Amino acid sequence: MTTLLNYIVWNPNVYLIQVGHWGLRWYSACWLLGLLGAYFMVKWLFYHQHIAEKTVFVGGKKQVVNVFDPLFIYCFLGILIGARLGHCLFYQPDYFLSSGTHFIEMLIPYHKMPDGSWQFVGYEGLASHGGTLGLMIALWLYCRKTGVKLWQVLDDIALATPITACFIRLGNLMNSEIIGKVTDVPWAFIFERVDQHPRHPGQLYEALAYALFFFVGWYFYRVRKQAVGKGFYFGLCITLIFVFRFFIEYTKDVQVDFESGMLLNMGQLLSVPFVVLGIYCMWRAKQQK
């Protein structure tokens, strides 16, 4: 039997930097690093593929317009809004839809305290499935606005997405959230802010897997020279991520009470449509080739 000394006792400070009442949380910093990493990667892809700028005619005169710059805003808002709404509607609808006050809490980063005051708590609760769906809708709106081909944008975003997902899960690890089930494996973590039981570090499993998927995507892009713009990379990305997400759920503890009696939890049920979509996109890309 593995002894307690073999386990990793985990209780880091949630703040990376703290000055007085203000502080930058590790979770926020990881989100920022993940988004910045994706931003610079997609920017390189846009310029490498010569789609960052577009020639338009205004008043009969030819002008060159940068169509890459608005992309970050679309992605940021799509991911944040989708992830927030996804968590609230998929995992806690009984709370956020129970009153007008709770509905407001779903939209703003504040929580109403028992004394009637409002306290800033950030957006506690973001769902990756909702973030993915929100991103897809945002990219569709971006392509309608700029005229850039949707499949090309989806493929480019998919090449960078795994590294963002990796950093987000590292943020979950620093927050001691989305914890795994109790286990006796020697690499188990004891999340002291939760309890004293050794558990699977599910966040770390996902972070390492997403980092691997990032290199798989870039292998096909840089070595195999798989064409961008047919949906292959988009299909590959969401298939790898959500197939892994489906099976890694077996190592995680339940996130909400209603999942306790379910054969498949909410994360697994929401993963299935994305896997089907991903397989279809790769099949479609192969048919076009």
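Residues numbered from 1 in each chain as written. Predicted model: local features only at pLDDT ≥ 70, side-chain atom pairs only at ≥ 80, totals over all residues. Heavy atoms only, no water.

(A) Summary view of the overall build of the protein. Secondary structure summary: the protein contains nine helices and nine strands in total. Since a compact globule built from 289 residues should have a radius of gyration of about 19 Å, the 21 Å found for the protein is in line with a globular shape. By its C-alpha atoms, the protein is 70 × 50 × 40 Å across when sized along the principal axes. A total of 289 residues make up the protein; the buried ones form 45% of that total. Taking the intrachain contacts of the protein between residues at least 6 apart in sequence as the baseline, contacts between residues at least 24 apart amount to 63%. Counting every atom, the protein has about 15,700 Å² of accessible surface; 66% of that belongs to carbon and sulfur. The positive charge centre, built from 23 side chains, and the negative charge centre, built from 17, are 18 Å apart in the protein. (Helix = DSSP H or I, 4+ residues; strand = E, 2+ residues; numbered from the N terminus. Rg over C-alpha atoms; globule rule 2.2 N^0.38 Å. Buried < 20%, exposed > 50% of the residue type's maximum accessible area, 1.4 Å probe, protein only. Contact = heavy atoms within 4.5 Å. Areas by Shrake-Rupley, 256 points an atom, 1.4 Å probe, with all protein chains shown as cover. Lys, Arg positive; Asp, Glu negative; His and termini not counted. Charge placed at Lys NZ, Arg CZ, Asp CG, Glu CD.)

(B) Region of the structure containing the domain arrangement of the protein. Looking at the assigned domains, one finds that the protein contains domain 1 (27-51 + 148-288) and domain 2 (66-147). Between domain 1 and domain 2, the contact holds 30 residues from the first and 24 residues from the second. Counting the surface lost from both domain 1 and domain 2, the interface buries some 2,300 Å², and carbon and sulfur atoms represent 79% of this. Applying the counting criterion to the domain 1 and domain 2 interface returns zero salt bridges. Mapped onto the side of domain 1 that touches domain 2, the elements with two or more residues apiece are helix H1 (26-48), helix H6 (150-175), helix H8 (232-248) and helix H9 (266-288). Sorting elements by how many residues they give to the side of domain 1 that touches domain 2 places H1 first, with eight residues. (Domains from an automatic or database assignment. Buried area = accessible area lost by both parts, 1.4 Å probe. Salt bridge = Lys/Arg side-chain N within 4 Å of Asp/Glu carboxyl O.)

(C) Spatial organisation of helix H5 (residues 128-146). Taking 1.5 Å of rise per residue, 19 residues should cover 27 Å, and H5 covers 26 Å from first to last C-alpha, within 8% of that figure. Of all the positions in H5, only His129, Gly130, Gly131, Thr132, Gly134, Leu135, Ala138, Leu139, Tyr142, Cys143 and Thr146 are classed as buried. (Expected span 1.5 Å × (residues − 1).)

(D) Representation of the sheet that holds strand E1 (residues 8-10). In spatial order, the strands read E1-E8-E9; together these three strands make up an open sheet with mixed pairing. With one partner strand each, in any of the chains shown, E1 and strand E9 (198-199) form the two edges of the open sheet. Pairing geometry for strand E8 (residues 189-191) and E9, over two bridges, is antiparallel. Residue pairing in the sheet places phenylalanine 189 in a bridge with arginine 199 of E9. (Pairing = 2+ DSSP bridges.)

(E) Representation of the UniProt feature "transmembrane region" (unreviewed entry) in the protein within the structure. With numbering matched to this structure, UniProt assigns "transmembrane region" (unreviewed entry) to residues 26-46, 67-86, 120-141, 233-250 and 262-283. In this annotation, residues 120-141 is assigned 64% helix and 5% strand; the end-to-end C-alpha distance for the span is 31 Å. Here residues 233-250 is 89% helix and 0% strand, with 27 Å between the C-alpha atoms at its ends. (UniProt positions renumbered as here; feature names shortened; annotations may be inferred.)

(F) Examining the packing of helix H2 (residues 69-90) against helix H4 (residues 100-107) more closely. Where H2 contacts H4, the axes come no closer than 9 Å and their chain directions differ by 145°. Facing Arg84, Leu85, Cys88 and Leu89 of H2, the residues of H4 in contact are Glu105, Met106 and Leu107. Counted by class, the contact of H2 with H4 contains five nonpolar, no polar and two charged residues. (Axes fitted to C-alpha atoms, helices over the stretch in contact; angles between N-to-C directions. Nonpolar A, V, L, I, M, F, W, Y, C, P; charged D, E, K, R; others polar.)

(G) Spotlight on the side chain of threonine 164. Within the secondary structure, threonine 164 is located in helix H6. Residue class for threonine 164 comes out buried when judged on its relative accessible area of 7%. Separated by 2.9 Å, the side chain of threonine 164 and the backbone oxygen of glycine 34 make a polar contact. Aside from chain neighbours lying at most four places away, what touches threonine 164 is Gly34, Leu35 and Ala38. (Polar contact = N/O pair within 3.5 Å; in protein donor to acceptor, adjacent residues only side chain to side chain.)

(H) Quick look at the packing of aromatic side chains. As enumerated under the stated definition, the model contains 24 aromatic pairs in all. Between tyrosine 39 and phenylalanine 72, the ring centres sit 5.5 Å apart and the planes meet at 90°, which makes this aromatic pair edge-to-face. Note that tyrosine 39 is positioned in helix H1 and phenylalanine 72 in helix H2, a separation of 33 residues in sequence. Site record: aromatic cluster; members linked through ring pairs are Trp44, Phe214, Phe215, Trp218, Tyr219, Phe220, Tyr221, Phe232 and Tyr233. (Phe/Tyr/Trp six-rings, centres within 6.5 Å; stacked < 30°, edge-to-face > 60°.)

(I) Highlighting unusual backbone geometry. Positive phi outside glycine occurs at histidine 50, with the angle close to 60°. Within the secondary structure, histidine 50 is located in the loop between H1 and strand E4 (53-58). If you check the backbone angles, serine 176 has positive phi at about 55° while not being a glycine. Position of serine 176 relative to the elements: it lies in the loop between H6 and E8.

(J) Representation of the UniProt feature "binding site: a 1,2-diacyl-sn-glycero-3-phospho-(1'-sn-glycerol)" (unreviewed entry) in the protein within the structure. UniProt feature "binding site: a 1,2-diacyl-sn-glycero-3-phospho-(1'-sn-glycerol)" (unreviewed entry): in the numbering of this structure it lies at Arg169. Its location among the elements puts arginine 169 in helix H6. Judged by relative accessible area, arginine 169 falls into the buried class, the value being 8%. Not counting the four nearest positions on each side in its chain, arginine 169 is found in contact with Ser128, Ile178, Gln203, Glu206, Ala207, Tyr210, Arg245 and Lys252.

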